[in-house]
Amino acid sequence: IALAAAGESYVVTTGTGSGKSLCFFIPIVHHILTEKSSSSQARTRAIIIYPMNALANSQLEEFDKFVGNVPGARPVTFARYTGQENAEERNRIADNPPDILLTNFMMLELLMTRQDDLDRRVMENCVGLRFLVLDELHTYRGRQGADVALLVRRLRERLQAHQLVCIGTSATMSSTGTQADRNQTVASVASLLFGAQITEQDVIGETLER
């Protein structure tokens, strides 16, 4: 949370059920609420990329749980755009850009490359993007990892995301050497994927205190 507040990119590598989602959800919501207090312009400020639709669906339910008990209009809006949505839902997203967009890398690739008016509108709503999250970072390897790395670079350029904060979440990505060695390995992989400098100090782990 402190790294995000300072505009730094980072990776969270902790176990299942440890609260990784909150490590990006809290700073993203904080930024959105801060911006909305001074600007009424509706636009998408964060994109969260999931490797599988099942994860996006699960996260959608979690987000709904976080903000669903707020009385009145939702202070933070979010929507899923993964190919499961019908034409009416896709048009609603294009007409009313959510603060947070949940998608997968294949759909984001289509949004970037298809010459469809609706796709262009969705992407135009993301100009100036502030947060990009890659969930399950360890799944992006080999050719798929290279595809995602290029996608991130093209996304940053097209959306003029000059202050983009990149966040990765993952279960343990390296199990050899010292903790410093493992952090260095994770930082190197994340830097390649995001096209941004991520140091071993930007890798957040966990220790168990019995």
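Right above here is the structure, for reference.
First, a word on scope: everything that follows refers to the structure included in this document. (Residues numbered from 1 in each chain as written. Predicted model: local features only at pLDDT ≥ 70, side-chain atom pairs only at ≥ 80, totals over all residues. Heavy atoms only, no water.)

A side chain of one charge can pair with a side chain of the opposite charge when the charged atoms of the two come close. By the definition in use, this model includes 11 salt bridges. With a closest N to O distance of 3.1 Å, Glu35 and Arg43 form a salt bridge. Take Arg43: its relative accessible area is 16%, and that puts it in the buried class. For the salt bridge of Lys65 with Glu62, the shortest nitrogen-to-oxygen distance reads 3.3 Å. Taken together, the positions of Lys65 and Glu62, both in helix H3 (residues 53-67) and 3 residues apart, correspond to about one turn of that helix. (Salt bridge = Lys/Arg side-chain N within 4 Å of Asp/Glu carboxyl O. Buried < 20%, exposed > 50% of the residue type's maximum accessible area, 1.4 Å probe, protein only. Helix = DSSP H or I, 4+ residues; strand = E, 2+ residues; numbered from the N terminus.)

We now examine the pairing of strand E5 (residues 131-134). Burial along E5 is two-sided: Phe131 and Val133 and Leu132 and Leu134, pointing in opposite directions, are all buried. Here strand E2 (residues 46-50) runs beside E5; their pairing, made up of 4 bridges, is parallel. Note that in E5 the partner of Ala46 across the bridge is Phe131. Note on the crossover from E5 through helix H7 (residues 142-158) to strand E6 (residues 165-170): the handedness is right-handed. (Pairing = 2+ DSSP bridges. Right-handed = clockwise from strand over helix to strand, strands pointing away.)

Our next topic: the sheet that holds strand E1 (residues 10-13). Strand order in the open sheet formed by 7 strands is E3-E4-E2-E5-E6-E1-E7, and the pairing between neighbours is parallel. Edge strands, defined here as strands with exactly one partner in the open sheet, are strand E3 (78-80) and strand E7 (203-204). The pairing of E1 with E6 spans 4 bridges and is parallel. The residue of E6 that forms the bridge with Tyr10 is Ile167.

This part takes up the environment of Phe63. Mapping Phe63 onto the fold places it in helix H3. Phe63 sits in the buried class, given a relative accessible area of 0%. Taking C-alpha positions, Phe63 is 8.5 Å from Phe25, a pair spaced 38 residues apart along the chain. Contacts of Phe63, omitting those with residues within four sequence positions, involve Phe24, Phe25, Ile48, Tyr50, Phe78, Ile100 and Leu102. (Contact = heavy atoms within 4.5 Å.)

Attention shifts here to the packing of aromatic side chains. By the definition in use, this model includes 3 aromatic pairs. For the ring pair Phe63 and Phe78, a centre distance of 5.5 Å and an interplane angle of 75 degrees mean the geometry is edge-to-face. Here the residue Phe63 occupies a position in helix H3, and Phe78 occupies one in strand E3, the gap between them amounting to 15 residues. Residue Phe63 shares its accessibility class with Phe78, and that shared class is buried. Of the aromatic side chains, those joined through ring pairs into one cluster are Phe25, Phe63 and Phe78. (Phe/Tyr/Trp six-rings, centres within 6.5 Å; stacked < 30°, edge-to-face > 60°.)

Turning to its location among the elements, Arg43 is positioned in the loop between helix H2 (20-36) and E2. Engagement of the side chain of Arg43 in a polar contact is seen with the backbone oxygen of Gly128, the distance being 3.5 Å. (Polar contact = N/O pair within 3.5 Å; in protein donor to acceptor, adjacent residues only side chain to side chain.)

Taken together, the side chains of Ile1, Leu22, Ile26 and Phe66 define a hydrophobic patch exposed on the protein surface, amounting to about 330 Å² of accessible area. Mapped onto the fold, Phe66 is located in helix H3. (Patch = residues over 30% accessible without salt bridge, like charges linked within 9 Å, V, L, I, M, F, W, Y side chains within 5 Å. Areas by Shrake-Rupley, 256 points an atom, 1.4 Å probe, with all protein chains shown as cover.)

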